[in-house]
Amino acid sequence: MCPWPRPFCTRTVHSEAALKIETTRFGDMEIDEGKIISMPYGMLGFPQSRRFVLFPHKEDSPFYWFQSLDDPALAFVLTNPFLFLSGYSVDLHETIRRMSWEETEHGLSLEIYVVVTIPSGAPEKMTANLLGPVVINNNTCQAVQVVLSDSPLSHRFPLFGNP
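I will try to describe carefully the structure that is included in this document. (Residues numbered from 1 in each chain as written. Predicted model: local features only at pLDDT ≥ 70, side-chain atom pairs only at ≥ 80, totals over all residues. Heavy atoms only, no water.)

On to the overall build of the protein chain. Along its length, the protein chain carries one helix and ten strands. Helices and strands in the protein chain line up, N terminus first, as β-β-β-β-β-β-α-β-β-β-β. The buried share of the protein chain, taken over its 163 residues, is 41%. Nonlocal contacts in the protein chain, meaning residues at least 24 apart in sequence, comprise 55% of its contacts between residues at least 6 apart. Summed over all atoms, the accessible surface of the protein chain reaches about 9300 Å², with 51% contributed by carbon and sulfur. (Helix = DSSP H or I, 4+ residues; strand = E, 2+ residues; numbered from the N terminus. Buried < 20%, exposed > 50% of the residue type's maximum accessible area, 1.4 Å probe, protein only. Contact = heavy atoms within 4.5 Å. Areas by Shrake-Rupley, 256 points an atom, 1.4 Å probe, with all protein chains shown as cover.)

This brings us to the nonpolar core. Within the largest apolar cluster, 27 residues are counted, with the highest numbers of intra-cluster contacts made by Tyr88 and Val135. Elements that contribute at least two residues to this core include exactly strand E2 (27-31), strand E4 (51-56), strand E5 (63-68), strand E6 (75-79), strand E7 (110-117) and strand E8 (127-137). Once you skip the residues sitting within four places of it in the chain, Tyr88 turns out to touch Pro81, Phe82, Ile112, Val114, Leu130, Pro133, Leu148 and Leu153. In terms of nonpolar packing, the next biggest core, distinct from the first, is built from 17 residues, Phe52, Leu78, Val134 and Ile136 among them. (Core = buried A, V, L, I, M, F, W, Y, C linked by side-chain atoms within 4.5 Å.)

Next up on the list: the packing of aromatic side chains. Any aromatic ring pair is given by two values, namely how distant the centres are and how the planes are angled relative to each other. Evaluated as defined, the whole model comprises nine aromatic pairs. Both rings, one in Phe26 and one in Trp65, keep their centres 5.1 Å apart while their planes meet at 75°; by these two values the pair is edge-to-face. Here Phe26 is found in the loop between strand E1 (19-23) and E2, whereas its partner Trp65 is found in strand E5, with 39 residues between them in sequence. Of the residues examined, Phe26 reaches a relative accessible area of 28% and is grouped as partly exposed. (Phe/Tyr/Trp six-rings, centres within 6.5 Å; stacked < 30°, edge-to-face > 60°.)

Of all the six residues making up E4, five are buried; the element is thus mostly covered by neighbouring parts of the structure. By the bridge criterion, two bridges tie strand E3 (residues 37-38) to E4 in an arrangement that is antiparallel. Residue pairing in the sheet places Ile37 in a bridge with Phe52 of E4. Pairing geometry for E4 and E5, over five bridges, is antiparallel. For Pro56, the partnering residue across the bridge sits in E5 and is Tyr64. (Pairing = 2+ DSSP bridges.)

Note that Met99 resides in the loop between helix H1 (93-98) and E7. Remark: the alpha-carbon pair of Met99 and Gln142, spanning 43 residues in sequence, is separated by 8.7 Å. When neighbours within four sequence positions are excluded, Met99 is seen to be in contact with Pro40, Tyr41, Gln142, Ala143 and Val144.

Side-chain positions along a regular strand alternate between the two faces of the sheet. Of all eight residues making up E7, six are buried, and the element is well covered by its neighbours. In this structure, E6 lies alongside E7, joined through three bridges in antiparallel fashion. Residue pairing for E7: Leu78 is matched across the bridge by Val115.

As a further point, take the pattern of salt bridges. Per the counting criterion, the structure on display carries three salt bridges. With a shortest N-O distance of 3.0 Å, Asp70 and Arg51 are connected by a salt bridge. Of the two residues, Asp70 sits in the loop between E5 and E6 while Arg51 sits in strand E4, which places them 19 residues apart along the sequence. Exposure remark for Asp70: the relative accessible area of 34% places this residue in the partly exposed category. Since its relative accessible area comes to 36%, Arg51 is described here as partly exposed. Between Arg97 and Glu94 there is a salt bridge, and its shortest N-O distance comes to 2.4 Å. Of this pair, Arg97 and Glu94 both sit in helix H1, three residues apart, which is roughly one turn of the helix. (Salt bridge = Lys/Arg side-chain N within 4 Å of Asp/Glu carboxyl O.)

So this is what it looks like as structure tokens:
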């Protein structure tokens with residue numbers, strides 16, 4: 001089973017067996033069905049991939065893998081944008097309404113990630129797409145990629161100094 005340092009999704013699935021998945025990058029993996037994140041609209045450019053699992057790149061790493069369960073070759077690197085830009089903000093009111101997400105007795109547990117691009121051979125030049133954050137609802141294990149159209153931010157925000 002994949003080690004989960006925190007509860008990315010808190011949905012309970014009554015299943016004794018782990019789900020076995022095949023990935024191009026990580027080989028065969030076993031995951032808890034309760035950790036599957038559903039994306040009704042898919043990721044931008046990949047609408048056919050609607051089921052993902054999120055797991056850390058390494059222990060204590062700020063980076064995560066967002067592996068598609070529908071396409072073994074599709075995996076995105078995600079990170080928490082607030083680690084690199086403390087003033088980052090996203091208005092989620094319309095997203096919450098469109099997804100019909102409602103608060104539970106534990107509140108509305110949302111996490112925001114951004115997609116990271118790592119140039120081949122130049123990891124120091126990695127950038128983050130601040131205009132297309134991925135919002136995960138931990139209560140429902142649903143996610144949506146939001147498009148920020150009226151923002152001065154960049155889809156190529158350098159994570160480590162100037163590019």
